[in-house]
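Examination of the molecular architecture
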Amino acid sequence: MTLPHIAILSASVRTGRNSHRAALFLRNLIVEKNLATAEIIDLNEYQFPLFHERLMYQDDPLPALLDYSRKIKEADGVVIVTPEYNGGYPASLKNAIDVLYPEWQKKPVAISTCSDGDFGGNQLITSIQFVLWKMHVLTVPAMFPNPHVDKAYDEQGVPSDKEGTEKRAMYFLKELLWCIEAGQLMKKK
Ligand SMILES: Cc1cc2nc3c(=O)[nH]c(=O)nc-3n(C[C@H](O)[C@H](O)[C@H](O)COP(=O)(O)O)c2cc1C
């Protein structure tokens with residue numbers, strides 16, 4: 001059986017960011033548990049400019065943008081790991097979502113939020129869900145909030161509460177895997 005491929009979109013480009021720790025954790029867990037193949041798409045590595053037009057209408061797109069587009073298109077499912085900034089999600093992520101369109105359509109996407117406060121970024125869920133819904137994304141109805149993300153993981157993404165964090169993450173990832181499988185069954189019909 002071929003494993004599905006999950007892309008983990010790490011959205012923070014802030015100097016000294018901490019939400020990337022959750023992205024590392026999820027990537028490592030997916031691989032360790034043999035749930036899927038996994039890779040991190042790191043917006044901080046891409047350092048995208050603010051896009052003036054969607055990729056499909058650009059005449060001479062950046063190679064990095066084509067690479068990003070291909071990775072989203074080829075992934076069977078995507079986990080977005082995003083910090084909460086003032087109750088919303090960062091401009092880096094909106095820029096990266098809006099520049100694509102066909103790549104997102106019918107893509108199973110699960111959202112993991114992060115903050116350094118008690119609520120783990122969950123205030124941004126409704127705003128991002130609405131944007132993704134408008135783009136015909138299959139958003140997964142499970143959450144993986146990460147409160148106090150700076151203390152919940154070390155810099156390599158090793159959780160301080162291994163058992164509890166893995167239990168919550170497995171529930172979240174299994175929901176995503178269910179949606180991936182359901183989508184694949186529908187395509188075969
Ligand atoms: C512009 C900005 C706004 C923020 N707003 C919030 C907020 O509304 N609620 C919250 O709990 N944390 C907020 N934070 C703190 C982030 O949750 C914290 O930096 C966390 O580590 C996740 O972001 P990071 O990956 O960029 O580090 C904010 C941080 C920044 C830079």
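About the criteria used
Residues numbered from 1 in each chain as written. Predicted model: local features only at pLDDT ≥ 70, side-chain atom pairs only at ≥ 80, totals over all residues. Heavy atoms only, no water. Helix = DSSP H or I, 4+ residues; strand = E, 2+ residues; numbered from the N terminus. Near = heavy atom within 4 Å. Polar contact = N/O pair within 3.5 Å; in protein donor to acceptor, adjacent residues only side chain to side chain. Areas by Shrake-Rupley, 256 points an atom, 1.4 Å probe, with all protein chains shown as cover. Nonpolar A, V, L, I, M, F, W, Y, C, P; charged D, E, K, R; others polar. Buried < 20%, exposed > 50% of the residue type's maximum accessible area, 1.4 Å probe, protein only. Contact = heavy atoms within 4.5 Å. Arc of directions from axis to C-beta. Phe/Tyr/Trp six-rings, centres within 6.5 Å; stacked < 30°, edge-to-face > 60°. Pairing = 2+ DSSP bridges. Axes fitted to C-alpha atoms, helices over the stretch in contact; angles between N-to-C directions. Salt bridge = Lys/Arg side-chain N within 4 Å of Asp/Glu carboxyl O.

With that settled, consider the environment of methionine 143. Along the polypeptide, methionine 143 turns up in strand 5 (residues 138-143). With 21 residues separating them along the chain, methionine 143 and asparagine 122 place their C-alpha atoms 8.3 Å apart.

As a structural note, the neighbourhood of the ligand is formed by 15 residues, with Arg14, Asn18, Ser19, Tyr85 and Asn86 the closest of them. In the environment of the ligand, an oxygen atom lies 3.2 Å from a nitrogen or oxygen atom belonging to the backbone of glycine 87. A distance of 3.4 Å separates an oxygen atom of the ligand from a polar atom in the side chain of serine 115. Calculation on the ligand without its partners gives an accessible area of 610 Å², and the protein chains cover 74% of this total. Here the residues of the shell around the ligand sort into 4 nonpolar, 7 polar and 4 charged.

A word on the side chain of threonine 165. In this structure, threonine 165 sits in helix 7 (residues 162-188). Judged by its relative accessible area of 8%, threonine 165 is buried. Among all residues touching threonine 165, those that are not within four sequence positions of it are Phe25, Phe144, Tyr153 and Pro159.

Attention now goes to helix 5 (residues 125-134). Looking at helix 5, one finds that the buried residues are Ile125, Ile128, Val131 and Leu132. Seen from one end, helix 5 has its buried residues packed into an arc of 140°, which puts them on one side. Exposed side of helix 5, more than 90 degrees from the buried face: Thr126, Trp133 and Lys134 are the residues found there. Backbone geometry just after helix 5 places histidine 136 at a positive phi near 65°.

Looking now at the packing of aromatic side chains. Overall, the coordinates contain 8 aromatic pairs when judged by the stated rule. One aromatic cluster in this structure is built from Phe25, Phe144, Tyr153 and Phe172.

Despite not being glycine, lysine 106 has its phi angle at roughly 60°, a positive value. One can find lysine 106 in the loop between helix 4 (91-98) and strand 4 (108-114).

A few words now on the sheet that holds strand 4. Read across the open sheet, the 5 strands follow the order 2-1-3-4-5; overall the sheet is parallel. Looking at which strands have only one partner, the edges of the open sheet turn out to be strand 2 (37-42) and strand 5. When strand polarity is set aside, the average angle formed by the axes of neighbouring strands in this sheet is 25°. As defined by bridge partners, strand 4 adjoins strand 5 across 3 bridges and the pair is classed as parallel. In the sheet register, valine 109 faces strand 5, and the bridge partner there is threonine 139. Packed onto the sheet, helix 3 (residues 63-74) meets strand 1 (5-10), strand 2 and strand 3 (77-83) and runs at close to 145° relative to strand 2. Along the sheet, helix 5 makes contact with strand 3, strand 4 and strand 5, crossing strand 4 at roughly 160°.

The final tally for this structure, using the stated rule, is 10 salt bridges. For arginine 70, the salt bridge identified is with glutamate 74, shortest N-O distance 3.4 Å. Within this pair, arginine 70 and its partner glutamate 74 are both found in helix 3, separated by 4 residues, close to a single helical turn. Take glutamate 74: its relative accessible area is 51%, and that puts it in the exposed class. Within the structure, one salt-bridge network assembled from shared partners comprises Asp67, Arg70, Lys71 and Glu74.

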